[in-house]
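Letter by letter, the chains look like this.
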Amino acid sequence: MPQPTARLMDGTALARRTISAAADRAAEITRRTGTAPCLATVLVGEDPASVTYVRMKRNRCEQVGIRSLHVALPTTASTAELVDTIGALSADPAVHGILLQHPVGPHIDERAAFEAIAPEKDVDGVTMHSFAAMGFGLPGFVSCTPGGILRLLDAYGVELAGRHAVVVGRSPILGKPTGLLLLGRDATVTYCHSRTADLPAHLARADVLVAAVGRPRLILGEHLKPGAVVVDAGYNPGNVGDVDFDSAAARASLITPVPGGVGPMTIAVLLEQTVHAAGRQLGVPATA
Ligand code: NAP
């Protein structure tokens, strides 16, 4: 039985601190302007997992003093209806951030719906504007999960400049932006995906490994470079990540647990970015 040697990167604790700071800032904005930060959530249909995610996000908002406005559209909603709904929220000065829960269903043009979010309200970091800002290293909203991953690496003092980071997965909301953010911090980045030949050869060269696949226990301890830093963003049925935790923890220096690693940081970054958006729109600078 392999003995764990890795230190845990505790996303729950870091998220608690991040959310507490966001709550303080939300209170300050409300006190100074008489208006609470507001996040609008948009849900199409009644997929049980999506309903649960939206409920969790709304509950969290209320706990930190962010007003939550929910718009539920029927499964039959068209792309045009969804784009109109999001366009109206983008134009509404009482709404400071917009989150479209995805996936939205195969009959809807998801990209068109995301692009209806005004850039200054894209607190989930899903628009092309936000993606480009991440790519150029300019100020803007980051995708929440990749932003949370970088915050975890920073909180645990992980040096990125000059290190080889391997990101497994290239989805637009997770793998690709994570690689962009790591590149922006001077890591040498390799992307792997379903067409990558000889995945183990790439994994073995990773100083920092980010698993963002959605395949339970795809990555084993034997694949890792000894002392690697392992971030497991995968979340599969049964609370199982993409990394086989026990064997990986015996070889890594730092590792995120599943659950309690990346997941809590995603919502923390969403709340932080919502409060930041509200502060800018309501004219309360962060240093005030
Ligand atoms: P996705 O859109 O399905 O993307 C999965 C990626 O993995 C794709 O790029 C795919 O390659 C790649 N892939 C699939 N099989 C592979 C294999 N055998 N070897 C190497 N790469 C492979 O998924 P996602 O939305 O990025 O989510 C990925 C995981 O992260 C899921 O478990 C999801 O639940 C989790 N997640 C967690 C959070 C959080 O807050 N913790 C947030 C978002 C997602 P191709 O591009 O070639 O198809």
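Residues numbered from 1 in each chain as written. Predicted model: local features only at pLDDT ≥ 70, side-chain atom pairs only at ≥ 80, totals over all residues. Heavy atoms only, no water.

- The chain goes by Bifunctional protein FolD in an unreviewed UniProt entry, where it is assigned to Kitasatospora cinereorecta.
- Quoted straight from UniProt, the Subunit (unreviewed entry) entry for the chain says "Homodimer."
- According to the UniProt record, the Pathway (unreviewed entry) comment for the chain reads "One-carbon metabolism; tetrahydrofolate interconversion." (UniProt positions renumbered as here; feature names shortened; annotations may be inferred.)

1. Re the site of the ligand
Right, so step 1: Within the structure, the ligand sits among 21 residues, and Arg 170, Ser 171, Ser 194, Tyr 235 and Thr 266 are positioned closest to it.
Right, so step 2: One nitrogen or oxygen atom from the side chain of Arg 170 is found 2.7 Å from an oxygen atom belonging to the ligand.
Right, so step 3: With three residues, helix H10 (residues 262-281) is the largest single contributor of residues to the shell around the ligand. (Near = heavy atom within 4 Å. Polar contact = N/O pair within 3.5 Å; in protein donor to acceptor, adjacent residues only side chain to side chain. Helix = DSSP H or I, 4+ residues; strand = E, 2+ residues; numbered from the N terminus.)

2. Description of the packing of helix H1 (residues 11-33) against H10
Right, so step 1: Between H1 and H10, whose axes approach to 9 Å, the crossing angle comes to 15°. On the basis of their axis angle, the class for H1 and H10 is roughly parallel. Seen along the crossing, H1 lies across H10 with a hand that is left-handed. Facing Gly 11, Thr 12, Leu 14, Ala 15, Thr 18, Ile 19, Ala 22, Arg 25, Ala 26 and Ile 29 of H1, the residues of H10 in contact are Pro 264, Met 265, Ala 268, Leu 271, Glu 272, Val 275, Ala 278 and Gly 279.
Right, so step 2: Among the residues forming the contact of H1 with H10, the class breakdown is twelve nonpolar, four polar and two charged. (Axes fitted to C-alpha atoms, helices over the stretch in contact; angles between N-to-C directions. Parallel < 35°, antiparallel > 145°, perpendicular 65-115°, else oblique. Left-handed = near helix turned anticlockwise from the far one by under 90°. Contact = heavy atoms within 4.5 Å. Nonpolar A, V, L, I, M, F, W, Y, C, P; charged D, E, K, R; others polar.)

3. Describing the UniProt feature "domain: Tetrahydrofolate dehydrogenase/cyclohydrolase catalytic" (unreviewed entry) in the chain
Right, so step 1: The feature "domain: Tetrahydrofolate dehydrogenase/cyclohydrolase catalytic" (unreviewed entry), as annotated in UniProt, sits at residues 9-124 in this numbering.
Right, so step 2: Secondary structure content for residues 9-124 is 51% helix and 16% strand, while the C-alpha to C-alpha distance between its ends is 23 Å.

4. Examining the environment of Val 168
Right, so step 1: By secondary structure assignment, the location of Val 168 is in strand S5 (residues 164-168).
Right, so step 2: Each C-alpha atom of the pair Val 168 and Gly 179 lies 9.5 Å from the other, and the pair is eleven residues apart in sequence.
Right, so step 3: Apart from the residues lying within four places of it in its own chain, the contact partners of Val 168 are Cys 192, Leu 199, Leu 203, Leu 209, Val 210, Ala 211, Ala 212, Val 213 and Ile 219.

5. Some points on the domain arrangement of the chain
Right, so step 1: You can read the domains of the chain as domain 1 (33-118) and domain 2 (143-262).
Right, so step 2: Once you take the C-alpha centre of each, domain 1 and domain 2 turn out to be 29 Å apart. (Domains from an automatic or database assignment.)

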